[in-house]
Amino acid sequence: MSCAACSSRVEKAVSKVSGVTSCSVSLLTNSMGVEGTASQSEIIAAVEAAGYGASVKGADAGAKKGAAMDEDALKDRETPIMKRRLIASLCFLIPLMYISMGHMMWNWPLPGFLADNHVAMGLMVINQKFFINGFKGLLHGAPNMDTLVALGSGASFVYSTYALFAMTDAQVKMDMEGVMSYMHEFYFESAAMILTLITVG
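The model shown is predicted, which means the values in this text are computed figures rather than measured ones.

Asker: How would you summarise the side chain of S7 if you had to cite specific residues and measurements?
Answerer: Mapped onto the fold, S7 is located in helix α1 (residues 4–15). On the basis of relative accessible area, S7 is assigned to the buried category, the value being 10%. Residues contacting S7, with those up to four places away along its chain left out, are M1, V25 and L27.

Here you go:
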């Protein structure tokens, strides 16, 4: 879960399960408390049908009990992962911005091997979580914040890919006016910037 809409969707899905008398989902601790006679497998199936995953709390906790288990449940596991993702994103974004914008905005020289090459890079794999969660939510009829990020970044990337092929086609046809027109239609760096800035947030 990545936002309040996610936790609300999970809560509604589980509340509809026969035998569930009450359900409370916490986005902060990434956990859910359920009361009633419904079986664990039915509850987990409802969560998965909503597009998320679930497991029984403490199922693999071994000897940990009581306060120790509660402390483990509250442990922040997401922030270190996001920090690594952010660092990796910045490592790709900085050279991408230099290649895409440096020569246009500040007259910075391009490396020799890129001077006559108009191919830009896309930064998607590192931040694939936005696309997986976003489109999964969309397919389940419950778009969330990740859906918005995925659509914004995806639109930039898809249009830029189209522009790249259109420019290549114009170059093959010796249409230099078309080449110059499409050369300014690349937004790969925008797709990367959206993903990186949302990760910063």
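Asker: Residues and numbers for the confidence of the model for the protein chain, please.
Answerer: The share of residues in the protein chain with pLDDT of 70 or more is 79%, and the mean pLDDT across the chain is 79. Of all the helices and strands in the protein chain, helix α3 (residues 66–74) carries the lowest mean pLDDT, 58, while strand β2 (residues 31–36) carries the highest, 92. Scored below 50 in pLDDT, residues 115–122 makes 13 contacts in the model with residues more than four places away or belonging to other chains.

Asker: Please give an account of the pairing of strand β1 (residues 20–26) that cites residues and values.
Answerer: Successive side chains on a regular strand alternate, one facing one side of the sheet and the next facing the other. Relative to β2, β1 is paired through 6 bridges, and the arrangement is antiparallel. Each bridged residue has a counterpart across the sheet, and for V20 the counterpart in β2 is G36. Taking the residues between adjacent antiparallel strands as the criterion, β1 and β2 are bridged by 4 residues, where N30 takes a positive phi near 55°.

Asker: I'd like a description of the nonpolar core, backed by residues and values.
Answerer: V10, V14, V20 and Y52 are the most contacted members of the largest nonpolar core, which has 14 residues in total. In this structure V14 touches V20, C23, M32, V34, I43, A46 and V47, once residues within four positions along its chain are discounted.

Calculation criteria
Numbering of residues begins from 1 in every chain and follows the order in which that chain's sequence is written. Confidence filtering applies because this is a predicted model: local features only for residues at pLDDT of at least 70, side-chain atom pairs given and counted only at 80 or more, and all residues used for totals across whole chains, interfaces and linings. For the side-chain quantities, the full set of heavy atoms in the structure was used; hydrogens and water were omitted. A run of H or I in DSSP counts as a helix once it spans at least four residues, and a run of E counts as a strand once it spans at least two, with each numbered from the N terminus. Note on exposure labels: buried denotes an accessible area under 20% of the residue type's maximum, exposed denotes more than 50%, and partly exposed covers the range between, all computed with a 1.4 Å probe on protein chains only. In what follows, residue pairs with any heavy atoms lying within 4.5 Å of each other are defined as contacts. On a scale of 0 to 100, pLDDT captures the predictor's confidence in every residue. In this scheme, strands are said to pair when DSSP sees at least two bridges between them. For this analysis, a nonpolar core means a set of buried residues of the types Ala, Val, Leu, Ile, Met, Phe, Trp, Tyr and Cys, connected via side-chain atoms within 4.5 Å.

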